[in-house]
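Close look at the chain arrangement
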Amino acid sequence: MSRFFIALLPPQDIQDYANQIRQYFADNYASRGAQNSPPHITLQPPFEWVDTNFSLLETCLREFAREQKSIPITLSGFAAFPPRVIYIDVVRSPQILTLQANLMAYVENKLKIIDKVSQTRPFAPHMTVAFRDLTKQNFKAAWPEFEKRQLYFEFIAEKLTLLLHDGKRWNIKSEFNFDFNE
């Protein structure tokens, strides 16, 4: 059994920027948890998958991705899940909401992967920079600093990324290009 999740990863320059912010949180607020994965927007939260069935997982994700169009993503400012998480805010566009809903339905239908928590709350696309290891006290100190801080990036998401947990951190396992052309 291995742990995976499915995400959109921004281009390297945006990842580098997000990693600088994450390092700032590690250095100044003792929050290092966000550094355990590349900067990403989670579409399908972590799930367990039988290693011997890995090819089925990859085949299904490749089939799903082939039917998707590239989508525009806008990152704008910072937001939070008080009292522990601070993140780069992802604008909730119809395209990202549709992609995430379709992916969740697809993996549930084809692979029986179900995330009970996601079914009970709306999708909030985000890119974490300070994780749940941020203490409440440090959240109260950091949030006023980031609450009004400006940030704006746009990029085109052209592929899904499957990440695998190695026991310590999340690593890119596979990528699946969006191939649908109108």
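In what follows, the accompanying structure is described. (Residues numbered from 1 in each chain as written. Predicted model: local features only at pLDDT ≥ 70, side-chain atom pairs only at ≥ 80, totals over all residues. Heavy atoms only, no water.)

**Details of the overall build of the chain**
Worth spelling out the cut-off: Elements are defined by DSSP. Helices are runs of H or I of four residues or more, strands are runs of E of two residues or more, and each kind is numbered from the N terminus. Computation of the radius of gyration draws on C-alpha atoms, with the globule rule given as 2.2 Å multiplied by the number of residues to the power 0.38. Buried means the residue's accessible area, taken with a 1.4 Å probe over protein chains only, is under 20% of the maximum for its type, while exposed means over 50%, and partly exposed covers the values in between.
In terms of helices and strands, the chain carries 5 helices and 8 strands. The helix and strand sequence of the chain, counted from the amino end, reads β-α-β-α-β-β-α-α-β-α-β-β-β. In terms of overall dimensions, the chain is globule-like: its C-alpha atoms have a radius of gyration of 16 Å, near the 16 Å expected for 182 residues. Considering the chain as a whole, with its 182 residues, one finds that 46% of them fall into the buried category.

**Quick look at the nonpolar core**
The cut-off we apply is this: Residues enter a nonpolar core if they are buried and are Ala, Val, Leu, Ile, Met, Phe, Trp, Tyr or Cys, with the set joined through side-chain atoms within 4.5 Å. By the convention used here, residues are in contact when the closest approach between their heavy atoms is within 4.5 Å.
Membership of the largest hydrophobic core comes to 49 residues, with the highest contact counts inside it found for Leu8, Phe25, Leu57, Ile73 and Ile86. With sequence-adjacent residues up to four places away left out, leucine 57 is seen in contact with Phe4, Phe47, Trp49, Leu111, Ile113 and Leu162. Within the second largest apolar cluster, 5 residues are counted, among which are Phe5, Ala7, Leu9 and Leu163.

**Some details on the pairing of strand β8 (residues 170-177)**
Selection criterion: When DSSP finds two or more bridges between a pair of strands, those strands are recorded as paired.
Bridge analysis of strand β7 (residues 159-165) against β8 gives 7 bridges, and the strand direction is antiparallel. Counted as the bridge partner of threonine 161 is glutamate 175 from β8. Where β7 folds back on β8, the antiparallel hairpin that results is connected by 4 residues, among which glycine 167 adopts a positive phi of roughly 105°.

**Overview of the pattern of salt bridges**
Here is the rule we go by: A pair is scored as a salt bridge if a Lys or Arg side-chain nitrogen falls within 4 Å of a carboxyl oxygen belonging to Asp or Glu.
Per the stated rule, a full pass over the model turns up 2 salt bridges. A salt bridge links arginine 3 to glutamate 48; its shortest N-O distance comes to 3.2 Å. Of this pair, arginine 3 sits in strand β1 (residues 2-8) while glutamate 48 sits in strand β2 (residues 41-49), and the two are 45 residues apart along the sequence.

**Details of the sheet that holds β8**
Within a beta sheet, neighbouring strands are joined by backbone hydrogen bonds and run either parallel or antiparallel to one another. Under the convention used in this document: Fitting a line to C-alpha atoms yields each axis, with helices limited to the stretch in contact; the angle taken between N-to-C directions then spans 0 to 180 degrees.
Ordered by their spatial adjacency, 4 strands build an open sheet running β2-β1-β7-β8, and the pairing between neighbours is antiparallel. Only two strands of the sheet have a single neighbouring strand rather than two, namely β2 and β8. Pairwise comparison of adjacent strand axes, ignoring direction, gives a mean angle of 25° for this sheet. Across 4 bridges, the pairing between β1 and β7 is antiparallel. Residue pairing for β7: alanine 7 is matched across the bridge by threonine 161. Together, β1, β2, β7 and β8 form the strand contacts of helix α2 (residues 54-66), whose direction differs from that of β8 by roughly 45°.

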